Amino acid sequence: MSGTGDKIKGKANELAGKAQQEIGKATGSTETQAKGAAREVKGDAQQVKGEAKDAIKGKS
């Protein structure tokens, strides 16, 4: 996957994770909140990976 693809996928996971956390808060589900937080962290990591790939290719 390209750096741009990783960044897009990462942003999508980050946003979905934030939404999932809000749903967990609204319903009182700590499990849903935790899953959302984990998904958000995964998204952040994917974005960093994409930025690193672009930096290596000189696309910053």
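- Taking an unreviewed UniProt entry as the reference, the protein is identified by name as CsbD family protein belonging to Pseudomonas quercus.
- Its UniProt record gives the protein a comment under Sequence similarities (unreviewed entry), which states: "Belongs to the UPF0337 (CsbD) family."

### Section: the environment of Gln 20
- Its location among the elements puts Gln 20 in helix 1 (residues 3-27).
- If we skip the residues at most four places from it in the chain, Gln 20 touches Thr 32, Lys 35, Gly 36 and Arg 39.

### Regarding the side chain of Glu 14
- By the secondary structure assignment, Glu 14 is in helix 1.
- Overall, Glu 14 belongs to the buried group, its relative accessible area being 9%.
- Dropping the residues within four chain positions of it, Glu 14 is found in contact with Arg 39, Glu 40, Gly 43, Asp 44 and Gln 47.

### Overview of the pattern of salt bridges
- By the definition in use, this model includes six salt bridges.
- Between Lys 7 and Asp 54 there is a salt bridge, and its shortest N-O distance comes to 2.7 Å. Of the two residues, Lys 7 sits in helix 1 while Asp 54 sits in helix 2 (residues 30-57), which places them 47 residues apart along the sequence.
- Taking the relative accessible area as the measure of exposure, Lys 7 reaches 28% and is therefore partly exposed.
- The class of Asp 54 is buried, set by a relative accessible area of 4%.
- Taking the shortest distance from any N to any O, the salt bridge between Glu 22 and Lys 25 comes out at 3.5 Å. On the criterion of helical spacing, the pair formed by Glu 22 and Lys 25 is a turn pair, its members being three residues apart in helix 1.
- For Glu 22, a relative accessible area of 46% gives the class partly exposed.

The rules behind these values
Residues numbered from 1 in each chain as written. Predicted model: local features only at pLDDT ≥ 70, side-chain atom pairs only at ≥ 80, totals over all residues. Heavy atoms only, no water. UniProt positions renumbered as here; feature names shortened; annotations may be inferred. Helix = DSSP H or I, 4+ residues; strand = E, 2+ residues; numbered from the N terminus. Contact = heavy atoms within 4.5 Å. Buried < 20%, exposed > 50% of the residue type's maximum accessible area, 1.4 Å probe, protein only. Salt bridge = Lys/Arg side-chain N within 4 Å of Asp/Glu carboxyl O.

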